[in-house]
Amino acid sequence: MSRPLLQLALDHTRLVDAQRDVSLLKNHVDIVEAGTILCLTEGLGAVKALRDQCPEKIIVADWKVADAGETLAQQAFDAGANWMTIICAAPLATIEKGHAVALARGGEIQIELFGNWTLNDARDWYRVGVRQAIYHRGRDAQASGQQWGEVDLARMKALSDIGLELSITGGITPADLPLFKDIRVKAFIAGRALAGASDPAQVAAEFHAQIRAIWGEQ
C-alpha cells in the first residue's frame, strides 16, 4: 500500500478565514479541500481561490453531488479541482457521468459514504471506474461520542478488498492512525485538528511522522 497523504479540510464560512489557514499549512499538507460549508457560502470562487493559492497541491471540491453529475463535475474541474465528491446516495448514472468528466480532465471522483450504502453499491462504483471513497464519521456522530470501532474497521477493510482507496475523516488525530494500518488509505483528512491547533505546523508534522512510522517512506 502506498503512503497515505494528509488533507486539510476547510469548512469555514468565510473564504478569507480559509485562506488564512491555508497560508499557515499549505507547505505542510498534500491536499487542500474546499469543504462543503465553504463551497455553499462562497460558491465556485472558493475552489478557484484555493487553486490560485496552492498551484501545486491537489484541490478537492467537496460538493457531495447528488444529481447533475456531468454539469457539476465540469464546473468543479474547470474551477481548478483535481477531485470532486459525490454522495453515496446518488444514482449510479450520476456517478458515471461525473466520473467520465473527471477522467477526461485528469481528475478523480470520490464517493462520500454517509448514511446507508452497501458493499454491492461499492462494487458498482468500482465497476464504473471510481477508485476512491471517503469514510466519514460525521460532526453529529462525533458530538454524540461515537468512537471508531470494529464495525468501522471491518467495513473499511471490505471496501479496501474491493479495491477502493479510502480517505478517512471525522475528528482524526495522529494518535488514531495506527487503527487503520491494514486499510488501503488514500488520505487522512483533518480540519479542526490542524486549523484549530495552537501550532498547526507541529500537528501536521506529527501526522506525517505517524504516517511514516506505520506506512514507511515510500
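It should be noted that the structure appears before, not after, this text.
A brief structural summary. (Residues numbered from 1 in each chain as written. Predicted model: local features only at pLDDT ≥ 70, side-chain atom pairs only at ≥ 80, totals over all residues. Heavy atoms only, no water.)

**Focus: the sheet that holds strand 3 (residues 58–65)**
1) Next: The strand order around the closed barrel built from eight strands is 1-2-3-4-5-6-7-8, with neighbouring strands paired in parallel fashion. Ignoring which end each strand starts from, the neighbouring axes of this sheet average 25° apart.
2) Next: Bridge count for strand 1 (residues 5–10) against strand 8 (residues 185–190) is four bridges, and the pairing is parallel. Within strand 8, the residue paired with Gln7 across the bridge is Ile189.
3) Next: Docked against the sheet, helix 5 (residues 92–104) engages strand 3, strand 4 (83–87) and strand 5 (108–113), running at close to 145° with respect to strand 5. (Pairing = 2+ DSSP bridges. Helix = DSSP H or I, 4+ residues; strand = E, 2+ residues; numbered from the N terminus. Axes fitted to C-alpha atoms, helices over the stretch in contact; angles between N-to-C directions. Contact = heavy atoms within 4.5 Å.)

**Describing the packing of helix 4 (residues 69–78) against helix 5**
1) Next: Relative to each other, helix 4 and helix 5 sit at 30°, their axes nearing to 7 Å. Taken as axis vectors, helix 4 and helix 5 run roughly parallel relative to one another. Considering how the two elements wind past one another, helix 4 and helix 5 form a crossing that is right-handed. Contacts between helix 4 and helix 5 involve Gly69, Glu70, Ala73, Gln74 and Phe77 from the first element and Thr94, Lys97, Gly98, Val101 and Ala102 from the second.
2) Next: Taken together, the residues that form the contact of helix 4 with helix 5 break down as four nonpolar, four polar and two charged. (Parallel < 35°, antiparallel > 145°, perpendicular 65-115°, else oblique. Left-handed = near helix turned anticlockwise from the far one by under 90°. Nonpolar A, V, L, I, M, F, W, Y, C, P; charged D, E, K, R; others polar.)

**Regarding the packing of aromatic side chains**
1) Next: One pass over the structure, following the stated rule, counts four aromatic pairs.
2) Next: Between Tyr135 and Trp148 the ring centres are 6.3 Å apart and the planes differ by 45°, which places this aromatic pair in the tilted class. Of the two residues, Tyr135 sits in strand 6 (residues 132–136) while Trp148 sits in the loop between helix 7 (139–143) and helix 8 (150–162), which places them 13 residues apart along the sequence.
3) Next: Residue classification places Tyr135 among the buried residues on the basis of a relative accessible area of 6%. (Phe/Tyr/Trp six-rings, centres within 6.5 Å; stacked < 30°, edge-to-face > 60°. Buried < 20%, exposed > 50% of the residue type's maximum accessible area, 1.4 Å probe, protein only.)

**Some words on the environment of Asp17**
1) Next: Among the structural elements, Asp17 can be located in helix 1 (residues 15–25).
2) Next: Take Asp17: its relative accessible area is 18%, and that puts it in the buried class.
3) Next: At a separation of 3.0 Å, a polar atom in the side chain of Asp17 contacts the side chain of Arg14. (Polar contact = N/O pair within 3.5 Å; in protein donor to acceptor, adjacent residues only side chain to side chain.)

**Some remarks on the pattern of salt bridges**
1) Next: Scanning the model with the defined rule gives ten salt bridges in all.
2) Next: Across the pair Glu112 and Lys64 runs a salt bridge, and its minimum N-O distance is 3.9 Å. A residue pair is termed long-range when its members are at least 10 positions apart, and Glu112 in strand 5 and Lys64 in strand 3 qualify at 48 residues.
3) Next: Taken together, the salt bridges that share partners define one network made up of Arg14, Asp17, Arg20 and Asp21. (Salt bridge = Lys/Arg side-chain N within 4 Å of Asp/Glu carboxyl O.)

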